[in-house]
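Single-letter residue listing:
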Amino acid sequence: MQPSKERESSDDPMDDLDDLLDDDLAGGEGESEADAGGAAGAGPTAGSEAGSGDAGRVGVSGRWFSAKAFGLALVAVAVGVFVGGLIPLIGGTVGTAGGVFVAAFLLGLVLSARRYVETGTAGAAAGAASAVTSVLGVGFLPIGIDYLSQWGLPLVAVGGGVGLVLALLGHYFGRDLRAGLSRDVEG
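Reading the values: rules and limits
- Residues numbered from 1 in each chain as written.
- Predicted model: local features only at pLDDT ≥ 70, side-chain atom pairs only at ≥ 80, totals over all residues.
- Heavy atoms only, no water.
- Helix = DSSP H or I, 4+ residues; strand = E, 2+ residues; numbered from the N terminus.
- Buried < 20%, exposed > 50% of the residue type's maximum accessible area, 1.4 Å probe, protein only.
- Contact = heavy atoms within 4.5 Å.
- Areas by Shrake-Rupley, 256 points an atom, 1.4 Å probe, with all protein chains shown as cover.
- Core = buried A, V, L, I, M, F, W, Y, C linked by side-chain atoms within 4.5 Å.
- UniProt positions renumbered as here; feature names shortened; annotations may be inferred.
- Expected span 1.5 Å × (residues − 1).
- 1 Å grid on protein atoms, 1.4 Å probe; cavity = no way out; pocket = protein on both sides within 12 Å on 5 of 7 lines; lining within 4 Å.
- Points joined across faces, edges and corners; volume = space filled by probe spheres on them.
- Nonpolar A, V, L, I, M, F, W, Y, C, P; charged D, E, K, R; others polar.

(A) The overall build of the protein chain, seen in detail. Broken down by element type, the protein chain carries seven helices and two strands. In the protein chain, which comprises 187 residues, the proportion classed as buried is 26%. If you take every contact in the protein chain between residues at least 6 apart in sequence, the share linking residues at least 24 apart comes to 64%. Accessible area of the protein chain: about 11900 Å², with a carbon and sulfur share of 67%.

(B) Spotlight on the nonpolar core. Counting 11 residues, the largest nonpolar core is built from Ala73, Val77, Val81, Val100, Ala103, Ala104, Leu107, Leu111, Ala122, Ala126 and Ala167. Among the elements of the structure, helix H4 (67-86), helix H5 (93-110) and helix H6 (116-136) are those that each provide at least two residues to this core. Take this core: its biggest share by element is four residues, from H5. Once you skip the residues sitting within four places of it in the chain, Leu107 turns out to touch Leu72, Ala73, Ala76, Thr119 and His171.

(C) Highlighting the UniProt feature "transmembrane region" (unreviewed entry) in the protein chain. The UniProt entry lists residues 69-90, 96-113, 125-145 and 151-173 under the feature "transmembrane region" (unreviewed entry), expressed in the numbering used here. Structurally, residues 69-90 comprises 82% helix and 0% strand, and the distance from its first C-alpha atom to its last is 29 Å. The straight-line gap between the two end C-alpha atoms of residues 151-173 is 33 Å; of that span, 100% is helix and 0% is strand.

(D) Examining H6 more closely. With 21 residues, H6 extends 30 Å from end C-alpha to end C-alpha; this agrees with the ideal 30 Å at 1.5 Å per step. Within H6 the residues assigned to the buried category are Glu118, Thr119, Gly120, Ala122, Gly123, Ala126, Gly127, Ala128, Ser130, Ala131 and Val135. Summarising the contacts, the buried residues of H6 are in contact with strand E2 (65-66), H4, H5 and helix H7 (141-182).

(E) Examining the layout of surface pockets more closely. A volume near 330 Å³ is recorded for the second largest pocket. Put simply, the parts of the chain that give the lining of the second largest pocket at least two residues each are H5, H6 and H7. It is H7 that contributes the most residues to the lining of the second largest pocket, six residues altogether. Residue composition of the lining of the second largest pocket, by class: eight nonpolar, nine polar and no charged.

Right, dumping it as structure tokens:
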């Protein structure tokens, strides 16, 4: 139970705002403190606490960040990067970027819930890792390490940013196609 809901009613307007935000983030499924405790007179019931099926915001199956969805996104993006790098004539950087986009697109198409945070984080990680490995894979290893010592942080930032943008765009377009496929055709 959250600290703001443990207290009885007070005159602090921030408590009311916290209750409204909690109810809004729960999708309006939860009962407010006045409904649960005021009507029954005995406080919230056991069913309205943790047993109501309301997952936490962050965790294994969280609403804001889900570890399961992140693991799935990370595996899908890694496979996309690997397969994209194997494409002849366009492999390397272009194939890797295409792999991130296609993997995020497929995740948006398949998953029923919006998972932008997980997909974007996986895409940023893949982009940063791809940028570092592409520098280390070119030429002589000591030269690549010297280059990374001088330009490593900006390189990781640019690679991660490109991966993030590609993953978010791919996930958005996949969700958009999913929404279009699930609508009835007018006519």
